[in-house]
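Close look at the chain arrangement
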There are 4 protein chains.
Amino acid sequence: MDIKATLRAQHIETPSWAYGNSGTRFKVFAQQGVPRDPYEKLADAAQVHAYTGIAPAVALHIPWDKVEDYAELSRHARDLGVGIGAINSNVFQDEDYKLGSVTNSDPAVRRKALGHLLECVDIMDATGSDTLKLWFSDGTNYPGQDDIRARQDRLAEALAAVYERLGEGQRFLLEYKLFEPAFYTTDVPDWGTAYAHCVKLGPKAQVVVDTGHHAPGVNIEFIVAFLLREGKLGGFDFNSRFYADDDLMVGSADPFQLFRIMYEVVRGGGLDPATGVAFMLDQCHNIEPKIPGQIRSVMNVQEATAKALLVDPGALAAAQREGDVLGANAVLMDAYNTDVRPLLAGLREELGLAPDPMAAYAKSGYFEKIAAERVGGQQAGWGA
Amino acid sequence: MDIKATLRAQHIETPSWAYGNSGTRFKVFAQQGVPRDPYEKLADAAQVHAYTGIAPAVALHIPWDKVEDYAELSRHARDLGVGIGAINSNVFQDEDYKLGSVTNSDPAVRRKALGHLLECVDIMDATGSDTLKLWFSDGTNYPGQDDIRARQDRLAEALAAVYERLGEGQRFLLEYKLFEPAFYTTDVPDWGTAYAHCVKLGPKAQVVVDTGHHAPGVNIEFIVAFLLREGKLGGFDFNSRFYADDDLMVGSADPFQLFRIMYEVVRGGGLDPATGVAFMLDQCHNIEPKIPGQIRSVMNVQEATAKALLVDPGALAAAQREGDVLGANAVLMDAYNTDVRPLLAGLREELGLAPDPMAAYAKSGYFEKIAAERVGGQQAGWGA
Amino acid sequence: MDIKATLRAQHIETPSWAYGNSGTRFKVFAQQGVPRDPYEKLADAAQVHAYTGIAPAVALHIPWDKVEDYAELSRHARDLGVGIGAINSNVFQDEDYKLGSVTNSDPAVRRKALGHLLECVDIMDATGSDTLKLWFSDGTNYPGQDDIRARQDRLAEALAAVYERLGEGQRFLLEYKLFEPAFYTTDVPDWGTAYAHCVKLGPKAQVVVDTGHHAPGVNIEFIVAFLLREGKLGGFDFNSRFYADDDLMVGSADPFQLFRIMYEVVRGGGLDPATGVAFMLDQCHNIEPKIPGQIRSVMNVQEATAKALLVDPGALAAAQREGDVLGANAVLMDAYNTDVRPLLAGLREELGLAPDPMAAYAKSGYFEKIAAERVGGQQAGWGA
Amino acid sequence: MDIKATLRAQHIETPSWAYGNSGTRFKVFAQQGVPRDPYEKLADAAQVHAYTGIAPAVALHIPWDKVEDYAELSRHARDLGVGIGAINSNVFQDEDYKLGSVTNSDPAVRRKALGHLLECVDIMDATGSDTLKLWFSDGTNYPGQDDIRARQDRLAEALAAVYERLGEGQRFLLEYKLFEPAFYTTDVPDWGTAYAHCVKLGPKAQVVVDTGHHAPGVNIEFIVAFLLREGKLGGFDFNSRFYADDDLMVGSADPFQLFRIMYEVVRGGGLDPATGVAFMLDQCHNIEPKIPGQIRSVMNVQEATAKALLVDPGALAAAQREGDVLGANAVLMDAYNTDVRPLLAGLREELGLAPDPMAAYAKSGYFEKIAAERVGGQQAGWGA
């Protein structure tokens, strides 16, 4: 395998919302130069691609990124050297969704939520995006609040309607999450639930793994390997966490875990674009600057991928076959312990890029420029 | 609904191994009067049924409960007023299984493990048991030790062979567990994995929920509701835990959780024997006496069931429909806060039993008798 | 012990901020009739006291509850039948505190934060409050971001300055929290850290236990028992959680845990007002109405306390002495399984209150009144 | 700082019990060539030192390592090139300790347990060991089983008696553990409890951090930094875990965490032998061979230490001072991402050792020799 060629082909998608302000329930800290509209978000995302060379797609979030003319937005993206990635629906930031969206016991709310999801498919048509990402914050806070099982019926109904609406070459990815913002039940709390719904619907429904959405101790690479084996791994929402859904930069909390995940992707053939595994970031840069935060994250995924590609499959298989526990582990660790930064610097130079993206961006003056220009207007943020 | 009639019909199965010594990796503390063979285990289990009136079945564990003549064992059970319940396979206590049983990279070990599983079906035939419970300790301790995905292939192959062998009216229940004794990957770590395998095999394969086998924070009643909705809830291995797989007496750590689980069983129709949901105990009485520990556990399940049956479905549905969060929660809590002990004492008296099973057993002199008689021989314990 | 007299003497303090809007990072859902200033918050809190009879104190949050004239605010409270409880400082909602307050590496920020804390003591003087509650959101999100140990030095310095400023009969309670909003280190993450600082400072510094601020599996009643034994339990911030710091109504997620906590309080003499243990609520009513949410919470604490008072100390001690594991557990469970609602209804009637506070409040028309009157102005919420 | 000199001075202590068989509650898998007495354990430990050059001390476990003549045992160790390290007490493997040792409600059991602890000090005198390691499995399985607070009184009494007995230059390290084998309360469950007891006793009592003994999410390096700042970090029991107290090889589950821990040790001066921080291993090699398992573990600690030493303190402090979140994190990550294996291979060659200890041991024929020689007799294991 030509490692460099494989690494050059890996595309990491950044999310438009990562360029706006974000925070915790306690405080959203504002940053300088934050974009005020989807066009400025795309411009920032284009910077990440310009310095890393492997981040050519940008996910949109509806309604945060609603515009009059999606064709124009797509053109704007193309002019910046990037393209529109997944369309992310939002059925959690409207007063009507206080007790749920597609699983709400009120049929009027369910209709409204489904309408939004179908509108997102319209936007896919308009932008040429082939992927709809569905995350439902739906759930309950108190035992008895609503009927767990009836909510599954309602969920199944909504998913079927969306599935039905998908066009040729379109798919949706169903996201699961253990908790937050619901604190007792969540209607899609784990991969099993997402998988069960997707299997019933068919090949256009797949599961997306957000690396921060699991209970403590859950083995994420196992889930990745399992879903790949089933043809149901639609992609990743990458980020990292020490505690709950912390949404820190991917690879910053447990780089070895990220490596193990990427190893299972490599092992399962998931780097082959034909499998359709999407490598997306989904993070909250609460205190660190946005664009460098994304650049570092893209680099972290790339470093983990490079290390995963360095694992010697023959030596590993031999040690596994012989039951050589320490030997097999050592094959994996040898790859992990390798410093791949020189390899990746070389790769960038082959692509005509600076070897150190963080330093190059810092020197570019882009931040100073947007900090000066983007005054007035409403800073974009969650919900903006 | 006639609550008392429903409670009378609920059967709770106790496990033969709960009557033997058990412990932690640090120490197995021996107790007096512990049975020395399967016949004595059945005698102890019969005591639990004699005082509770709802524990007429006893699960066997193979090879711990191997006997020459299973027909004789079944007769012995019948004479004691109980019957043989699920057959539990054991592919974790042989030196060959150090690196796995049906998922071992060595085909000879896999063949041996499969042979044991098929032998368990033979024992089902011989005892008339209709349920095989499959728990695999298979997994790995170190990243790289073995191939996650290949192990799934091997697991699927073994399960298919067992499924094929099942006769008319027989089924298997597949158990999942997050970790222990494997500490990196477990080959069936969660309900999603068990569910996916069972769905592929067909109706004779179902999932069993051991209440101590989840990651911290996982909502067990959600899983119960989901599996019931899918027709894939085969039953429970009841116990309770504060930390990991502590195997304490069911209901002792979080009685409210047990109530919520039983509420979902009631809600989903799982008390109807036709659904085939088996209510089994699986506990380790490391420091408390065995028989009273089982009696208390049976009573705890019964109390939780009684409370679940007291939930007013009409009031609950109305509050849920209106989005009355506090009202709906209050309907559930009203049932939970009810003291059902008088109701259950009355139920026992109707059955001709003493109202207080713990006191009645203590007074019976059974413990003093077995403590005096069961000297010499090898006390039964895990592995014995 | 006269249980009813003890229950009558127990005071539960409600927090002013619980009457305003709150939410998660995803969305703050607005409610009708939410107060627009500290005076209206006190009016709502007075309702909780009016129907429960045991919630006569209201905690303030500075600067959210800043007013021109604290003497007037205290008078207003008295007129409503309540009083001012603990003063809660806030050093987490200012742009300057992005990287910390009293532990910030910038001395100017530290000075500002300390200034705020000292101002809170001024407000204690002005209101007659004897308790300052200190919670620091300070921490870091990324390894290396700041020096763990230097931050402890800065924390110690600030705490010493506040301690020095405390007057006769004044104290502070130091709160700990595992994580959020900081996601890598928190400067006061556990009771050990809070305890160590308090021990060094002296008797006016005590630890406050927020029941939602622990890692999964941590035994909270152990901490309560330990701190009481050391004379360092200053009080509680009550709420409940299934996952992280969910801030649900106390007693709603694990009523048995709340009972165990209250049992340790009873066991350690913590209901004696002389010990100074403060019973405070700290919850977020994201989706349920505020005032009934607080009423239910006060009732839940009271029910747990009543059950704890029902534990038979002589029977318990005897069983413990004899090593009777099941017997000792049964003594505790007998109290827990008792339905104390009739007892508490009777208690309320002796106090001249309606036996069912939830129903009485619902019938009172108060909600309809504030929903109609409190239009216009800015609804209070976190940060308002 | 001379990194190589510092690394040469770091001593890692291996435990005698790691060379014997170990397992889980489900099964202890036997290995070939396992030692049959303390003398053979020392011989195996000497191998680890021979190939790593930095493991010259061996911890003993009493009564597992009881011998007639400790002077002879010490001589034997010296002849092998190693020395006796910490003495580990064992008050958990006797029938009397079923409900606790020093915290048992039965005074006779407490006396017996204290007697054992004092005997361990005698053995320190006899062997010249300066460190006693105290781990208590004491706790309860069920709420109400015993009095949490009375158990603290009993614990304090026993610790005071042991403290009193310590001679000049002797100390004890108190170990904490969240749970297992006790599943409801543990009498020393966290660092705060251990710290509080040690502070009261004086400078000869310190806390030992077992890296597997925390609740999920607990930040271990914070505890390390805090205890070092207080002069109360006595040392480490190193191992690693994905779930609970898995006792895997240190550094195998989360090498980045091990690096962060070692960074705080370096930052706090803990590599200076004057601070007395002991670097001890405490692992269970359930499925991997014992001696190579220890060699790998020693190497993992050394690699983490080397990386920690590579952190540029000036650059880090500057970034931290400026609030440069990404910059400060990058300084740490630069060190972590460095491949230190060449550096350590060079270090070994300077010491006259083979550059690859694993390969050198494998080639040595030692395993084949002990597998052939150590037949007959009783293999050593937990409790043997």
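The text that follows walks through the structure, step by step, so that each part is easy to find. In this numbering scheme, every chain counts its residues from 1 along its sequence in written order. Each chain gets a letter, beginning with A, and each ligand a number, beginning with 1, in the order they are written. In keeping with the predicted nature of the model, local features appear solely for residues at pLDDT of at least 70, side-chain atom pairs appear and are counted solely at 80 or more, and the whole-chain, interface and lining totals rest on all residues. Each side-chain value is worked out from all heavy atoms of the structure, with water and hydrogens disregarded.

**Thoughts on the overall build of chain A**
The helix count covers DSSP runs of H or I at least four residues long, the strand count covers runs of E at least two residues long, and both are numbered beginning at the N terminus. Scanning chain A from terminus to terminus reveals 14 helices and 10 strands. Against the globule reference of 21 Å for 384 residues, chain A gives a C-alpha radius of gyration of 21 Å, in line with a compact fold. With the C-alpha coordinates aligned to their principal axes, the bounding extent of chain A is approximately 60 × 55 × 40 Å. Under the scheme applied here, a residue whose accessible area is under 20% of the maximum for its type counts as buried, over 50% as exposed, and between as partly exposed, the area being computed with a 1.4 Å probe on protein chains only. When burial is assessed residue by residue, chain A has 68% of its 384 residues classed as buried. For chain A, restricting intrachain contacts to residue pairs at least 6 apart in sequence, the fraction spanning at least 24 positions comes to 78%. Computed with a 1.4 Å probe, the accessible areas rest on the Shrake-Rupley method; for each residue, only the protein chains presented here act as cover. Entry remark: accessible area of chain A is about 11800 Å², with carbon and sulfur atoms responsible for 52%. Positive and negative side-chain charges of chain A, numbering 36 and 52 respectively, have mean locations separated by a distance of 1 Å. With the radius of gyration taken over C-alpha atoms, the globule rule is written as 2.2 Å times the number of residues to the power 0.38. Whether two residues are in contact is decided by their heavy atoms, any of which lying within 4.5 Å being enough. Charged-residue counts in this description rest on Lys and Arg as positive and Asp and Glu as negative, His and the chain ends being excluded. Lysine's charge is taken at NZ, arginine's at CZ, aspartate's at CG and glutamate's at CD.

**Observations concerning the relation of the copies chain C and chain B**
Fitting of the copies onto one another was done by least squares over C-alpha atoms, counting residues only where both copies have pLDDT of at least 70. With an axial shift of 0.0 Å and an RMSD of 0.0 Å, the rotation relating chain C to chain B amounts to 180°. Interpreted geometrically, this transformation is the action of a two-fold axis. Minimal C-alpha separation from the rotation axis in chain C is found for Asp339 of chain C, amounting to 2.7 Å. A high fraction, 100%, of the interface residues of chain C reappear at the interface in chain B, so the copies pair face to face through one surface.

**Topic: the pairing of strand S6 (residues 171–175) of chain C**
All names here are of chain C. Counting buried positions over the five residues of S6 gives five, a clear majority of the element. When strand S4 (residues 131–134) meets S6, the two strands line up parallel, connected through four bridges. Counted as the bridge partner of Leu134 is Leu174 from S6. Examined bridge by bridge, S6 and strand S8 (residues 205–210) share four bridges and lie parallel to one another. Pairing of Leu173 across the sheet is with Gln206, part of S8. The pairing criterion for strands is at least two bridges between them, as found by DSSP.

**Things to note about the interface of chain C and chain B**
Contact with chain C, which involves 31 residues of that partner, is made by 31 residues of chain B. Summed over both partners, the interface of chain C with chain B comes to about 2200 Å²; 58% of that surface belongs to carbon and sulfur atoms. Two parts placed together each lose some accessible area under a 1.4 Å probe, and the buried area is that loss summed for both. Of all residues in chain C, Leu326, Asn337 and Arg341 of chain C give up the largest surface area on contact with chain B, accounting jointly for 25% of the area buried on that side. Here, a salt bridge means any side-chain nitrogen of Lys or Arg that lies within 4 Å of a carboxyl oxygen of Asp or Glu. Scanning the region where chain C abuts chain B turns up two salt bridges. Polar contacts, as counted here, are pairs of nitrogen or oxygen atoms within 3.5 Å of one another; within protein the pair requires one atom able to donate a hydrogen and one able to accept it, and residues that are adjacent in sequence qualify only if both atoms are side-chain atoms. Between the two partners, chain C and chain B, sit three residue pairs in polar contact (both at pLDDT 80 or more). When residues of the side of chain C that touches chain B are assigned to their parent elements, the largest contribution, six residues, is made by helix H11 (residues 325–336) of chain C. Under the scheme applied, nonpolar residues are Ala, Val, Leu, Ile, Met, Phe, Trp, Tyr, Cys and Pro; charged residues are Asp, Glu, Lys and Arg; polar residues are all the others, including Gly. For the side of chain C that touches chain B, a count of residues per class yields 15 nonpolar, seven polar and nine charged.

**Section: helix H5 (residues 148–165) of chain A**
Residue and element names in this part refer to chain A. With 18 residues, H5 ought to run about 26 Å at 1.5 Å a step, and its terminal C-alpha atoms sit 26 Å apart, in line with that. Every buried residue belonging to H5 is among Ile148, Arg149, Ala150, Arg151, Gln152, Arg154, Leu155, Ala158, Leu159, Val162 and Tyr163, and all of these are buried. Of the residues flanking the start of H5, the one acting as N-cap is Asp147, its side-chain oxygen 3.1 Å from the backbone nitrogen of Arg149. What a helix is expected to span follows from its residue count: subtract one and scale by 1.5 Å.

**Structural notes on the interface of chain A and chain B**
Opposite the 53 residues of chain A that make contact, chain B presents 53 residues. Taken together, the two surfaces of chain A and chain B that pack against each other cover about 4400 Å², and 58% of this comes from carbon and sulfur. It is Arg149, Phe222 and Arg229 of chain A that lose the most area in chain A upon contact with chain B, and together they represent 17% of the buried surface on that side. The salt bridge involving Glu230 of chain B is made with Lys200 of chain A; its shortest N-O contact spans 2.5 Å.

**As for the relation of the copies chain A and chain B**
Overlaying chain A with chain B gives an RMSD of 0.0 Å, the required rotation being 180° about an axis along which the chain moves by 0.0 Å. By residue overlap, the copies meet face to face through one surface: 100% of the interface positions of chain A are interface positions in chain B.

**Examining the side chain of Asn239 of chain C**
Residue and element names in this part refer to chain C. Relative to the helices and strands, Asn239 is located in the loop between strand S9 (233–238) and helix H8 (255–267). Judged by relative accessible area, which is 2%, Asn239 ranks as buried. Only 3.0 Å separates the side chain of Asn239 from the side chain of Asp210, close enough to count as a polar contact. If near-sequence neighbours (up to four positions away) are discounted, Asn239 is found in contact with Asp210, Thr211, Gly212, Asp245, Asp247, Leu248, Met249, Val250, Asp282 and Gln283.

**Re the environment of Gln257 of chain D**
Residues and elements named next belong to chain D. With respect to the helices, strands and loops of the structure, Gln257 is situated in helix H8 (residues 255–267). Residues Gln257 and Glu221, spaced 36 residues apart in sequence, show a C-alpha to C-alpha distance of 7.9 Å. Those residues within four positions of Gln257 in sequence are excluded, and the remaining contacts are Ile220 and Glu221.

**Here's the deal with the pattern of salt bridges**
Inspection of the entire model under this criterion finds 112 salt bridges over all chains. Across the pair Arg374 of chain A and Glu40 of chain A runs a salt bridge whose closest N-O atoms are separated by 3.5 Å. Of this pair, Arg374 of chain A sits in the segment after helix H14 (366–373) while Glu40 of chain A sits in helix H2 (residues 38–52), and the two are 334 residues apart along the sequence. Overlapping salt bridges, with partners in common, bring together Arg25 of chain A together with Lys177, Glu180, Asp245 and Asp247 of chain C in one network.

**Points about the packing of aromatic side chains**
By convention, a stacked pair of Phe, Tyr or Trp rings (six-membered ring in the case of Trp) has centres within 6.5 Å and planes under 30 degrees apart, an edge-to-face pair has planes over 60 apart, and any other such pair is tilted. By the definition in use, this model includes 80 aromatic pairs over all chains. Judged by centre distance (5.2 Å) and plane angle (50°), the ring pair of Trp191 of chain B and Phe226 of chain B falls under tilted. Of the two residues, Trp191 of chain B is situated in helix H6 (residues 191–201) and Phe226 of chain B in helix H7 (residues 220–229); the sequence distance between them amounts to 35 residues. Trp191 of chain B gets classed as buried once you look at its relative accessible area, which sits at 3%. Between Tyr51 of chain D and Tyr361 of chain D, the ring centres sit 5.9 Å apart and the planes meet at 80°, which makes this aromatic pair edge-to-face. Of the two residues, Tyr51 of chain D sits in helix H2 (residues 38–52) while Tyr361 of chain D sits in helix H13 (residues 357–364), which places them 310 residues apart along the sequence. Accessibility expressed as a relative area gives 18% for Tyr51 of chain D, which makes it buried. Residue class for Tyr361 of chain D comes out buried when judged on its relative accessible area of 6%. Through pairs of rings, three or more aromatic residues link up here, namely Phe179, Phe183 and Tyr184 of chain A together with Phe242 and Tyr243 of chain C. Counting as a charge over the ring demands two things of the Lys NZ or Arg CZ atom: a distance within 6 Å of the ring centre and an angle within 35 degrees of the ring normal. One cation-aromatic arrangement involves Arg260 of chain B over Phe256 of chain B; the distance from NZ or CZ to the ring centre is 4.8 Å. One Lys or Arg, Lys112 of chain C, reaches over the ring of Tyr97 of chain C and ends 5.6 Å from the middle of that ring.

**Concerning the sheet that holds strand S6 (residues 171–175) of chain D**
Residues and elements named next belong to chain D. Sheet architecture is closed into a barrel: eight strands sit in the order S1-S2-S3-S4-S6-S8-S9-S10, paired in parallel fashion. Direction aside, neighbouring strands of the sheet carry axes that sit 30° apart on average. As a rule, the C-alpha atoms of each element are fitted with a line to give its axis, helices using only the stretch in contact, and angles between N-to-C directions run from 0 to 180 degrees. Of the strands in this sheet, strand S3 (83–88), strand S4 (131–134) and S6 touch helix H4 (residues 107–127), which is tilted by about 155° from S4.

**Here's the deal with unusual backbone geometry**
Residue and element names in this part refer to chain A. For the peptide bond that leads from Glu180 to Pro181, omega is 10°, which places it in the cis range. Considering the arrangement of structural elements, one finds Pro181 in the loop between strand S6 (171–175) and strand S7 (185–186). Inspection of the secondary structure puts Glu180 in the loop between S6 and S7. By relative accessible area, which is 16% here, Glu180 ends up buried.

**Re the pairing of strand S10 (residues 278–281) of chain A**
Residue and element names in this part refer to chain A. The side-chain alternation of S10 yields two buried faces, one formed by Ala278 and Met280 and the other by Phe279 and Leu281. Strand direction decides the pairing type here: strand S1 (residues 12–15) and S10, joined by two bridges, are parallel. Of the residues in S10, the one forming a bridge with Ile12 is Phe279. As judged from the four bridges shared by strand S9 (residues 233–238) and S10, these two strands associate in the parallel manner. If you follow Phe236 over to S10, its bridge partner there is Phe279.

**Focus: the sheet that holds strand S2 (residues 57–61) of chain B**
Residue and element names in this part refer to chain B. The strand order S1-S2-S3-S4-S6-S8-S9-S10 describes a closed barrel built from eight strands, whose pairing is parallel. Strand-to-strand twist across the sheet, computed as the mean angle between neighbouring axes with direction ignored, equals 30°. In the sheet, strand S1 (residues 12–15) pairs with S2 via three bridges, with the strands oriented parallel. Its bridge partner being in S2, Thr14 is matched across the sheet by Val58. The strands touched by helix H4 (residues 107–127) within the sheet are strand S3 (83–88), strand S4 (131–134) and strand S6 (171–175), with S4 carrying the most contacts at an inclination of about 155°.

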